[in-house]
Amino acid sequence: MQKRIRDTLLRTLKAAGVFDRVRDGRWRRRQLLILCYHGVAIEDENLWTPALFLAPSRLRDRFEMLKQKDYHVLPLIEGLERLRRNDLPPRSVVLTFDDGTYDFYKLTYPLLREYGFPATVYQTTHYCSRRMPVFNLICSYMLWKRRETVLPAARSIGIMRDMPLEARGSRETATHQIVAFADQEQLSTEQKNELAAELARRLGVDYPDLLRQRILQLMSPQEIAELAAAGISFELHTHRHRMPRDRALFEREILDNRDAIETLTKRRPAHFCYPGGDYERLFLPWLAELGVVSASTCDPGLASVRSQMLLLPRFVDTTGQTALEFESWLTGVGALMAARAQAVWSRNRSLDRRS
Ligand SMILES: [Zn+2]
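Residues numbered from 1 in each chain as written. Predicted model: local features only at pLDDT ≥ 70, side-chain atom pairs only at ≥ 80, totals over all residues. Heavy atoms only, no water.

Looking at helix 1 (residues 2-15)
Inference 1: Across its 14 residues, helix 1 extends 20 Å between first and last C-alpha, which sits within 8% of the 20 Å expected from 1.5 Å per residue.
Inference 2: Just past helix 1, the residue Gly 17 takes up positive phi, approximately 85°. (Helix = DSSP H or I, 4+ residues; strand = E, 2+ residues; numbered from the N terminus. Expected span 1.5 Å × (residues − 1).)

What to know about the packing of helix 8 (residues 135-145) against helix 10 (residues 189-203)
Inference 1: Running from N to C, helix 8 and helix 10 cross one another at 0°; their axes reach a closest spacing of 10 Å. One element, helix 8, and the other, helix 10, form an angle in the roughly parallel class. Contacts between helix 8 and helix 10 pair Phe 135, Ile 138, Cys 139, Met 142 and Leu 143 from the former with Lys 192, Leu 195, Ala 196, Leu 199, Ala 200 and Leu 203 from the latter.
Inference 2: Partitioning the contact of helix 8 with helix 10 into residue classes produces 10 nonpolar, no polar and one charged. (Axes fitted to C-alpha atoms, helices over the stretch in contact; angles between N-to-C directions. Parallel < 35°, antiparallel > 145°, perpendicular 65-115°, else oblique. Contact = heavy atoms within 4.5 Å. Nonpolar A, V, L, I, M, F, W, Y, C, P; charged D, E, K, R; others polar.)

Side note on the coordination of the zinc ion
Inference 1: On the protein side, the zinc ion has Asp 99 (OD), His 237 (NE2) and His 241 (NE2) as donor atoms, found 2.0 to 2.1 Å from it.
Inference 2: In terms of primary sequence, the donors binding the zinc ion are separated according to D-x137-H-x3-H. (Donors = N, O, S within 2.8 Å, 3.2 Å for Na, K, Ca; no water.)

Some remarks on the packing of aromatic side chains
Inference 1: Applying the stated criterion across every chain yields a total of 15 aromatic pairs.
Inference 2: Aromatic pair Trp 48 and Tyr 141: ring centres 5.5 Å apart, planes at 75°, arrangement edge-to-face. Taken as a pair, Trp 48 in helix 4 (residues 45-48) and Tyr 141 in helix 8 lie far apart in primary sequence, 93 residues in all. The same class applies to Trp 48 and to Tyr 141, which are both buried.
Inference 3: Between Phe 63 and Phe 117, the aromatic rings sit 5.3 Å apart at their centres with planes inclined by 75°, giving edge-to-face as the arrangement. (Phe/Tyr/Trp six-rings, centres within 6.5 Å; stacked < 30°, edge-to-face > 60°. Buried < 20%, exposed > 50% of the residue type's maximum accessible area, 1.4 Å probe, protein only.)

Examining the nonpolar core
Inference 1: Within the largest apolar cluster, 87 residues are counted, with the highest numbers of intra-cluster contacts made by Phe 63, Leu 95, Met 142, Tyr 274 and Leu 287.
Inference 2: Ranked by the residues each element gives to this core, the list is headed by helix 8, at seven residues.
Inference 3: In this view, Leu 287 contacts Phe 250, Ile 254, Phe 272, Tyr 274, Val 292, Ala 295 and Leu 310; residues no more than four positions away in its chain are not counted.
Inference 4: Of all hydrophobic cores here, the second largest spans 12 residues; its members include Leu 74, Leu 76, Leu 83 and Leu 312. (Core = buried A, V, L, I, M, F, W, Y, C linked by side-chain atoms within 4.5 Å.)

A look at helix 8
Inference 1: Buried residues of helix 8: Phe 135, Ile 138, Cys 139, Tyr 141, Met 142, Leu 143 and Trp 144, and no others.
Inference 2: Where helix 8 is buried, its residues contact helix 4, strand 7 (150-151), helix 9 (168-184), helix 10 and helix 11 (207-213).

Some thoughts on the environment of Leu 264
Inference 1: Among the secondary structure elements, Leu 264 is positioned in helix 13 (residues 247-265).
Inference 2: C-alpha separation for the pair Leu 264 and Tyr 207, spaced 57 residues apart in sequence, amounts to 29 Å.

What about the pairing of strand 1 (residues 33-37)?
Inference 1: Counting buried positions along strand 1 gives five out of five residues, so the element sits mostly inside the fold.
Inference 2: Neither face of strand 1 is open: one carries Leu 33, Leu 35 and Tyr 37, the other Ile 34 and Cys 36, and all of them are buried.
Inference 3: Strand direction decides the pairing type here: strand 1 and strand 5 (residues 92-99), joined by five bridges, are parallel. In the strand pairing of strand 5, Ile 34 is matched with Val 94.
Inference 4: Alignment of strand 1 against strand 12 (residues 315-316), held across two bridges, turns out to be parallel. Residue pairing across strands places Leu 35 opposite Phe 315, the latter belonging to strand 12. (Pairing = 2+ DSSP bridges.)

From the geometry alone we can't say anything about function, so treat these as descriptive.
If you want it as structure tokens, here you go:
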């Protein structure tokens, strides 16, 4: 219902010319929209996790809108620098892609080339040198693929009772139990891959085919080096895609990630993105001391000169966003509406507290 009201409101605003006025106005000129994407589906990953994967045709539609409506797509570093100097071109946008899965190399990069758009990949690196999928993701994906069946109990994969896989909640429980079992057994990455292969056998999933297609694998060192040489910028996203609250472990994540990227790209990355949008204030001085210049969140908004550089807002584009919602964010209308909704929510909350 709320979505329908929102949709009607956006349609009305667009018809009244508000989209165009905000897009070409002085306020939007001083804002930088940083778009956040994750993966593009090689097979059907967009149906498994619509929030993380888009159909290739959807990404093309987004790029087409950027081109047709004359948006300026800037490299991240140039965008941030021009934001600071108050020298942004009109309708400025930055494209960022989190994680650096193989589909970026196979599907997104050719599309970027076709449109002539620059992009930044926030690359996590632990799995790069391994031709195997990210363990927790591939388990979840395979359970979803067999969602009409029951996973029989099997001690060897940490499943103690038969698990029907139809409901999303029970698939999440099964994934959690398998991952917890691997952690408890302190399995190496290679042993986790064998465990995933055993899960595939029990589910009747063709695991060698998933490996061949490189579904849910990261880009290889050669692929990263090739794209870096072709102008894609690779920045920090932690080595193991996690945010330890222990300072020494946190630093290890950044330094391992930085070393891996620098070796492949011959360029020292200094921009960071919080994995899963997970941040706390405590990280800010740690990042600054490590020489990190900017850090992106998944908090929706447009970046302005007043934004904290280590807490940059981004708009996460997902399968669930309609073309109209996406356009509202490009113009700036979406951000203004979100800020207004946030202000009303905060005011109501403080009134609730007082009453
Ligand atoms: Zn990530």
